[in-house]
Every structure is written in structure tokens, then in C-alpha cells.
Amino acid sequence: MRNPTTIEPVPGRTDEMIINMGPQHPATHGVLKVVIGLDGERITRAVPHIGFLHRNHEKIEEARTYTQIISYTDRMDYVSGLQNELPFILAVEDLLGVEVPPRAKLIRTIFFELFRIASHLVWLGTGMLDLGAITPFLYTFRDREKILEITEKTAGARMLPNYFTFGGVRRDVHPDFFKDVAAFLDFFETRLPDYYALVLDSPVFQARAVGVGVLSKERAIARGASGPVIRASGVPYDVRKAEPYDAYPELEFEIPTREEGDVYARFWVRFREMEESVKIIRQALEKVPKTGPYKGKVPPRVKPKPGARYRAVEIARGHLGAYVVSDGSEYPARIKHRSPSFANLQLIPDLFVGARFADAIAILSSLDPVFGEVDR
Amino acid sequence: MSRMPLPTERLVQPRLVGYDPTRPKPWLERIAYALFFSALWVMVVLAYGVVPTVFRHYGWLKSPLGFAAYAVIEAVLAFLLAAVVALILIVVLRKYLGKVQERVGPMHYGPAGVFQTVFDALKLLGKEDFAPRRVDWLIFRLAPAIVFVSAFLLMVAIPVAPGWLIADLDVGLLYIVAVSTLGAYGVVLGGLSQGNKWGLLGAFRAGAQLVSYEVPLAIALLSVGVYAGSLRFVDIVEHQYGLWHVVPLFLSFIVYLVASIAELKATPFDLPEAESEIVAGYNTEYSGMSFAFFFLAEFVELFLLPGFMVLLFFGGWHGPLFGLDPTSFAAGLLQSFYFLVKVAVWVWIFLWIRATLPRFRDDQLMDLAWKGLLPLSLVGLLVAALFRMFLEVL
Amino acid sequence: MTELRYKKTTEFDEEVYAVHPEDYRALLEALKAEGFDYPRSLTGMDTGYGLRVVVHLYGIESGKKATVFTDVPYDDPVVPSVTDLWPGLEWFEREAFDLVGIRFAGHPDLRRILLEEDWTIHPLQKRYDTGGYPLPDWQPAPWPETPPWEEPQASEEGGEA
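Cut-off values and rules
- Residues numbered from 1 in each chain as written.
- Chains lettered and ligands numbered in written order.
- Predicted model: local features only at pLDDT ≥ 70, side-chain atom pairs only at ≥ 80, totals over all residues.
- Heavy atoms only, no water.
- Helix = DSSP H or I, 4+ residues; strand = E, 2+ residues; numbered from the N terminus.
- Rg over C-alpha atoms; globule rule 2.2 N^0.38 Å.
- Buried < 20%, exposed > 50% of the residue type's maximum accessible area, 1.4 Å probe, protein only.
- Contact = heavy atoms within 4.5 Å.
- Core = buried A, V, L, I, M, F, W, Y, C linked by side-chain atoms within 4.5 Å.
- Phe/Tyr/Trp six-rings, centres within 6.5 Å; stacked < 30°, edge-to-face > 60°.
- Lys NZ or Arg CZ within 6 Å of the ring centre and 35° of its normal.
- Salt bridge = Lys/Arg side-chain N within 4 Å of Asp/Glu carboxyl O.
- Pairing = 2+ DSSP bridges.
- Axes fitted to C-alpha atoms, helices over the stretch in contact; angles between N-to-C directions.
- Domains from an automatic or database assignment.
- Buried area = accessible area lost by both parts, 1.4 Å probe.
- Polar contact = N/O pair within 3.5 Å; in protein donor to acceptor, adjacent residues only side chain to side chain.
- Expected span 1.5 Å × (residues − 1).

Enquirer: Tell me about the overall build of chain A, residues and numbers included.
Expert: Along its length, chain A carries 15 helices and eight strands. In terms of overall dimensions, chain A is globule-like: its C-alpha atoms have a radius of gyration of 21 Å, near the 21 Å expected for 376 residues. When its C-alpha atoms are laid out on the principal axes, chain A stretches across 70 × 50 × 35 Å. By the burial criterion, 68% of the 376 residues in chain A qualify as buried. The long-range fraction of contacts in chain A, counting pairs at least 24 apart against all pairs at least 6 apart in sequence, stands at 72%.

What follows is the structure in C-alpha cells.
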């Protein structure tokens, strides 16, 4: 049988080198494999292959109760772990008809935005590592550590906290939580100018990023791109505004968009999103009651009524959806996780072909895939 | 950068092995740096000062046996110096990157981690030097040697003080251009011989980059030669009494600075071994000591290229002598010290650039070489010639 | 759209269309023309009596949401592909083929995507357990009397009239 993971050389064409980028390649952020045809340094063909991290969450989840599943959803996008719990929880809450107390909604929103900052920091560090700058990586990981410590204090775990639950959050926040978050925001705002200076304002970075990997508006919509990728192409699509959930309707924030659709625009959008997240968390900290219920009334045995529900949230990478089909039993009939990186990676052939090899690395890091959720 | 204190009540305290990050010991690191510097100085004094002076003083160089002994001793000393330079620069680089990146750097082996590189070198020595079946064995083995030998041969040409040099070459500038080009052969052959597509890409990139940047580099050197009226390093340094060449030959200096970073294959020009793009480039398949030789050569060059820069543009060993006779041994000690201090400052600037910038793309690299640096270096040559003409007239 | 066999209901805040497999593509073409330009997701699932394709759509301009689903029997699970309408569903259809076993007619590159090429089963079908082994006593449920795209009482009312 023909090895299906290679592309065939064009007969008679000797100037094309076919090269496997990945699955063990330093810049693929995990286990992506792209079979690339190279003409010198220019990419002639690109075929992505995924599935190297496939665990078939969806099958495992059919054999677990609803409460058990929450900890599986964490493991999809492990970089922004907590955010992944929300679409599934929202869908089950809709099927159960549970009311979430406003305090729980605000706590969820604070955590959600903290993890957006954490995820964008990881992206920034690794993305700049791909572009050859080592220092931002260490800076961003140090800042992210603060967020993980705040999470650890309240939820007990750092990256995959399994903290949200149906009707609210699993336990009340640590007494220091609001103080810690405020201190982190103050600290983070002093660091942001450094990131701007090291990355967006760096002439070398601009030479690498401006006009590279341009994605048109129409293509972004048709390919189902989401998150910063689609917003950098000029489409103000953000699930937080399109289908507001949790405390977002009562908070004021803007959706940073840019028209260019190149790597620089995608970096810029993520930078501005971190600033917006700081704004959102500050508003939420003002609104959140210091004491009160953190969880609504949920039956001990979670048995949603038969039906199906699709809910989406805007995680750091884009539109994360969960389609929950219940047959009225304790076990779901089907859960489908729609992951943003999975859809965004379809852009690889569009964006890679014609680019230079070094550009491909920049494009890939600007798409920011996480393979836990691509392969699930 | 502002700092946030470590949280006092963590659920899990980090296990502290050997050091406590909450109580840093900057004095220990400063002592370590001072010791590094003195070790380097001692080696330089031994290799460039003591041995040549002794041999010349007793006239042993005139007999064939004496010359042979001199050559052997100097080869060993230069090799040791190269090794010491590399060992020191590696740990200094790692400590410095640690400082820039708000972490501590190597801490565990020796006080303030000073023996880290020694252990790294021992580890590399203990590893299997593996050659995959597909490689072109002879060239694969020869390439690291070519790279290292070319770096190490350059040490011969450096004068560190008046009369303190291993070989007094009349064509020192030509010699360094010729020998440093040899290093490019090693890199290209190493990449081509390993039968690996990443290595091939790395070799392509290295060949294009090193050859392109040789040209402006050579022209910058030539403009110094034109201005000083000699290709001999000693004459060039002597010519700088009163005014260092960096002032009249500023254009050539800029060209030399950029081109030497490119020759070093350091960020932002580290395309031949760009880890995130072409895995490890030309040294993808190398392991053990073969890899260590590429690594050592890189760090020896990190010492040599700033060294040449100091000789050509920053007055070499010039510095206040406090009334000492410039040809005396004590003055030689002082002058070699000045030379090393200037080199250390430039090494620090090179490391600083390495810690800050992202990487260029290959076509931008070529544009910079052929459209930016080459015209600039030609203008620099013209400026040097004009200044020389005025000097002659005056 | 009157001749299309589908049933439209409203669940929560989105319109759910249950459509006959033969009219699946026609309905989606109509929806695409209506302004549903953003493909949110495509799910394949096993209902116990057949395989189901669920398409989730969204209109970027209008903000409207729609869900379209259709059922096909196990022995002939062929559904027309809609990748030419929404190229973003290309990988989703490949995933549904890979994990659930639905064949998409007209898909440009219908290969397995998450599993290796040499897999023979489609693990999300109910006939396999979580280890991928066939369950010994599993039997498919009978095809429903009134498929989802038909009104349950429609035939009775028609009979009375």
C-alpha cells in the first residue's frame, strides 16, 4: 500500500524537494506533520497531517457520566485548560435548565479571561521562539506562572483545574483571590510595554511579519477560521459578542480587528486582546460580590432531558463549541467538540503555498494551534 | 523590568537544590567572572607573551629544533586557549542570557555554576559519536575538523601587545580573510555530507550566507588596510595612536559589525542552524565531540571577531601605561589586559544583540548583504582612500 | 423550498431543520443563499438506528444560527458533501467519515484524518466499545416509523381529512 502520508513527486521535476516537517519538529507546537514540497526556499505544495495526539475523547466521554466528562474537556486545549470546560457546561446547563448565580458567572468570567491571558502569553513566547527570539519566551512563561499560581490557590491544580461545574464553580474562591488577581493585573500592565517593545515594535519582527501569510476576509469566513485569525482578516466575529454567555453581556469591551490579515495583524490582535482581557477582569472585579452563592441548584445525579444543544465560547484560539446529545440517561449519547485550531489548520495549504519556508513557520505560529484540541 | 515578589503561601513550595533563588549571591558570580577573566588573561599572557619572549630572548628560534619546539608548544597553547575561550564564553553566554531573561542561569556545578561547561564537555565526550549509514563518512568526519581548525588558526594572527604575537604576518588581513573562508567550507561540507534534508537546507543557507557576508567583510578589512597603509596588524594598531580608526572609518566599522555577526551565525542571522525552521541545520546529524567541535568553533569565533574588531577599529592594546616603557614585559601585561577588556566589552554587546532580536528571513538576509552592506562597504573603502590621500598630502 | 422534505423546529435560540437525506444538499444550498456563511461545525453521530450528520451554521451578518441534520441507514451511509459551499467543513467531513463512517459523496479528499489509514472500523459507532472491539450482543434499532423530518401526526391527520 502506498504510504498515505507522503506526497508524490511530480514526474520529471527534479528541483522540488519533498520534506516532512514534523511530527517531531521544534516549530510545530506539538505533533503536526506537514509534507512540504520545496523549490529552494519556496513552498510549492503543503499537505497537513494531524491525528498524532488522537485519544478519541468523544468515544471515552460516551462511557462517562456528565460530571466525569468535565475533566476530559480540560485536556483538549491544555494551554488554556479552564476555558475548554465552558462550552460543554453551558450546553448541559441549557439541557438541565439550571440557573447560574451572578457571582458564579463573574468568577467564571474572571478565570476565563485570566486563562486567555495565560494562553496568549504561551503563544507569544513560543511564537517568538519560532521567529528566533529566545528572551520573550522566558518573560511570558514567568508571567503566566502568576496566573497558574492564582488558579492553584483556588482550584488546587494549575493547568487543568477542573474547576467549573454545572451551575457555577466547584468551590468558593480562595480568600485572597480578588486581591491576587488585582495585583497580577497591575503587574501585567507594567510588563505589556516590554512585550510591545520586544515584539510588535521590533523592526526585525516587522520585516518578518508584515505582508506575510495574508488571509482574505472571504477565505477566512468560508474556511471557518475563528478567533484572532478571523479578526485579523477584518471580520469582527467574536462569540463573546455574537452569542454572549456568562457575565459578558454586562461587561464592556471591544473586539480588536484589523484589515490586513497578515502575520503582523494576527500578532497585533492577540496583543490587543490581552489588553481587553485586563479591562474585562477589572470590570468584573468591581462587580463581583465578595460573598454569596457560587453554585446554582443542580441535582446530584446529572440527567439532562433528552435533546441536543450546541453551545460555543470564545477561547483564546477562537470558536470552541460543544454539541451535547442527551438521551435522558446519566451518560451522553454523543458529545462533539468543535475545536478552533482544527478549523484554523485547514488554512495551511492556503497560506503555505507560495510562502518561503521561514514564513511558513511564522504563519504557523500566528495560527497558534494546540494539538490537544486538534486531535482530541 | 518590575518584579513581583514570590508568593509567600504557595500550596507547593519549590524544592531548592543547591541554591535559593530568594537569596541570590551576586558577589559569587562577580568573583566567578573575575576568575574567568584572569584565567583567560593568564592563558593569553602565556601563549602570546611568555613563550615567544623566552624563545626570542635565548635565540632558540634560529635552530631548527628550537623552531619545531616553539611550533609545537604554541600549537598546544593556542589549542588550550581556544578551548578555554570556548568553555568560558559558553558559561558566560548562559549566565548572561539568564540575567537578561530574569532567571539565574547555571547554578549547580561549582560556585555560581562556573563548572557547568566543563561538565557539558565531559558529557559530550562520553557520548557516542554516531554517524548514520547514509553519510559520506570521510567528509562527515572532516567537516568539524575544518571548522574548528580554521577558527583556531585565526588565533595565531592576533597581536595582543607590542611584540606579543605568535606569528608576525605581513599580510595579516589577507590571512584572516582566507582562513575564515575556510570555515565556511567546513559548514557547507558538514551539511551536505550527512544525507539529511534539513542538513542540506542548512548547508545551502550557510553557504549563501557566509559567502555573501565574506564580501563586505573583506572590503571593510581592505578599507582599514588602505587607510593604515599596511596589511600587518601591528602596523594597523600602531597607526591608531592619536585617533582610533572607528572615527574616520565609521562606515567600515558598521559594515564589519553587521557582517561579523552574520559570520558568527548568531541571532539575527542564525539561519543556517535556525532550530525552529530547519531543526539544527548543518549539524543535524552530528553528536558527541563532532558536534562539540562545531560548537567550540562558534564560540572561539565569538572571541576572535570582536578581537579583530578591537585591533582594527578600537586601537588594539592602546591604553594608559602610567609611564612604563612600552616594550617592557610589565607594559605588555597591562596592554594585553586592555586588549582583553575591549574584547570583553564587544563580546558582551554581541551577546546582548543575540539575546534581543528575532531572526531575519533568508531573502532579507541576502538583500541586506548585497543591497545594503556591499554598497556601504564600497563607500567605506572610498572614504578610507580619501582620508588616506589627505593624510599623505598633509 | 416547499417541495423539500424537512421539519423546522426551534430549540433554545436556534432553528433546527430535520431534513430528508435526498433534500439535505438542496436545503443547505438554500440556507447558504439565505446568508448562513459561517460553518460552525459538522458532527457525525450514531443514533442507534442509523448515522446522522448534523451541520451547525451561523450568519456572520445576521447573527442567526441554524442546525441541519439528516439520518442515513447503516448499510448505505452516503450523504452529499457540502465542502464546495463551505470549504471549512472539509476536515469536519473527513472527521465524520473517519470516526463515524459517513461517506460524503463529492468530497475532494475523503481520507481518514485522525486515525491511521489502515484502520478498518469507525470507532464512534455504537457497535464498538471504547476499546474498538465489536460488542457481541449489539443489534441496530429498527428504522423509526416517522423519521425526524416527518411530522409524527401528519399521516393521522391526513387520514382523518
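Enquirer: Break down the nonpolar core for me, with residues and values.
Expert: Counting residues in each nonpolar core, the largest one holds 166 residues, and the members touching the most others are Ile36(A), Ile50(A), Phe88(A), Phe352(A), Tyr24(C) and Leu28(C). Excluding residues within four positions of it along the chain, Tyr24(C) makes contact with Val19(C), Leu42(C), Val53(C), Val55(C), Val68(C), Thr70(C), Val79(C), Pro80(C) and Val82(C). Counting residues in each nonpolar core, the second largest holds 107 residues, with Leu40(B), Phe148(B), Leu217(B) and Val224(B) among its members.

Enquirer: Which residues make up the packing of aromatic side chains, and what are the values?
Expert: Under the counting rule described, the total for this entry stands at 51 aromatic pairs over all chains. Taken together, the aromatic side chains of Trp244(B), Phe250(B), Phe253(B), Tyr256(B), Phe313(B), Phe314(B) and Trp346(B) make up a single cluster linked through ring pairs. The ring of Phe253(A) has Lys241(A) lying over it, and the distance from NZ or CZ to the ring centre is 4.3 Å.

Enquirer: Explain the pattern of salt bridges to me, using residue names and the numbers behind them.
Expert: Residues and elements named next belong to chain A. Using the criterion set out here, one finds 60 salt bridges over all chains in the structure. A salt bridge links Asp143 to Arg191; the nearest nitrogen and oxygen atoms lie 3.1 Å apart. Of this pair, Asp143 sits in helix α5 (residues 135-155) while Arg191 is found in helix α6 (residues 177-200), placing the two residues 48 residues apart along the sequence. For the residue pair Asp143 and Arg191, the accessibility class agrees, reading buried in each case. Two residues, Arg219 and Asp350, come together in a salt bridge whose shortest N-O distance is 2.9 Å. Within this pair, whereas Arg219 is found in helix α8 (residues 217-222), its partner Asp350 is found in helix α13 (residues 348-352), the two being separated by 131 residues in sequence.

Enquirer: Please give an account of the sheet that holds strand β7 (residues 318-326) of chain A that cites residues and values.
Expert: All names here are of chain A. As summarised here, the arrangement of the three strands in space is β6-β7-β8, forming an open sheet in which the pairing is antiparallel. Because the sheet does not close on itself, it has two edges, and the strands there are β6 (307-315) and β8 (332-338). Averaged over all pairs of adjacent strands, the angle between their axes in this sheet comes to 15 degrees, without regard to strand direction.

Enquirer: Describe the environment of Lys290(A), and please don't skip the residues or the numbers.
Expert: Residue and element names in this part refer to chain A. Along the polypeptide, Lys290 turns up in the loop between α11 (263-287) and β6. Residues Lys290 and Leu347, spaced 57 residues apart in sequence, show a C-alpha to C-alpha distance of 45 Å. Setting aside residues up to four positions removed in sequence, Lys290 forms contacts with Arg103, Phe178 and Leu285.

Enquirer: Tell me what's going on with the domain arrangement of chain B, and back it up with residues and numbers.
Expert: Think of interface size as the accessible area that goes away when the parts come together; that is how it is often given. All names here are of chain B. One can read the domain layout of chain B as domain 1 (1-126) and domain 2 (132-394). With centres defined by C-alpha atoms, the gap from domain 1 to domain 2 works out at 21 Å. Counting residues at the interface gives 30 residues for domain 1, matched by 32 residues for domain 2. Both sides of the domain 1 and domain 2 interface together cover about 2,900 Å² of buried area, and 84% of this is carbon and sulfur. In terms of surface lost to domain 2, no three residues of domain 1 exceed Tyr48, Tyr96 and Leu124, which account for 24% of the buried area on that side. On the surface where domain 1 and domain 2 come into contact, there are zero salt bridges. Inspection of the domain 1/domain 2 interface yields four residue pairs in polar contact (both at pLDDT 80 or more). Of all elements in the fold, only α1 (26-58), α2 (64-100) and α3 (116-126) reach the threshold of two or more residues within the side of domain 1 that touches domain 2.

Enquirer: Help me get a handle on the interface of chain C and chain A, residues and values and all.
Expert: Contact residues are listed per partner, giving 40 residues for chain C and 47 residues for chain A. Taken over both partners, the interface formed by chain C and chain A buries close to 3,600 Å², and the fraction arising from carbon and sulfur atoms is 60%. Taken together, the connections running from chain C to chain A amount to eight salt bridges. Its salt-bridge partner being Glu95(C), residue Lys336(A) comes within 3.0 Å of it at the nearest N-O pair. Counting the contacts that link chain C with chain A gives 20 residue pairs in polar contact (both at pLDDT 80 or more). Counting residues per element, the ones that place at least two in the side of chain C that touches chain A are β3 (38-46), β4 (51-58) and α2 (90-99) of chain C. A total of eight residues in the side of chain C that touches chain A trace back to one element, the largest contributor, which is β3(C).

Enquirer: Kindly report on the environment of Ile166(B), identifying the contributing residues and their values.
Expert: Residue and element names in this part refer to chain B. Its location among the elements puts Ile166 in the loop between α4 (137-153) and α5 (172-193). On the basis of relative accessibility, which here comes to 13%, the residue Ile166 falls in the buried class. Here the alpha-carbon distance between Ile166 and Asn283, two residues 117 residues apart in the chain, equals 32 Å.

Enquirer: Run through helix α4 (residues 102-130) of chain A, naming residues and quoting values.
Expert: With 29 residues, α4(A) ought to run about 42 Å at 1.5 Å a step, and its terminal C-alpha atoms sit 42 Å apart, in line with that. Once α4(A) finishes, Gly132(A) follows within two positions and takes phi at roughly 100 degrees, a positive value.

Enquirer: Lay out the interface of chain A and chain B with the relevant residues and their values.
Expert: In this assembly, 46 residues from chain A lie in contact with 35 residues from chain B. Of the roughly 3,600 Å² buried between chain A and chain B on both sides combined, carbon and sulfur atoms contribute 58%. Between chain A and chain B we count four salt bridges in total. Inspection of the region where chain A meets chain B yields eleven residue pairs in polar contact (both at pLDDT 80 or more). Contributing elements (two or more residues each) for the side of chain A that touches chain B: β1 (17-21), α4, α5, α6, α7 (203-209) and α14 (357-367) of chain A.

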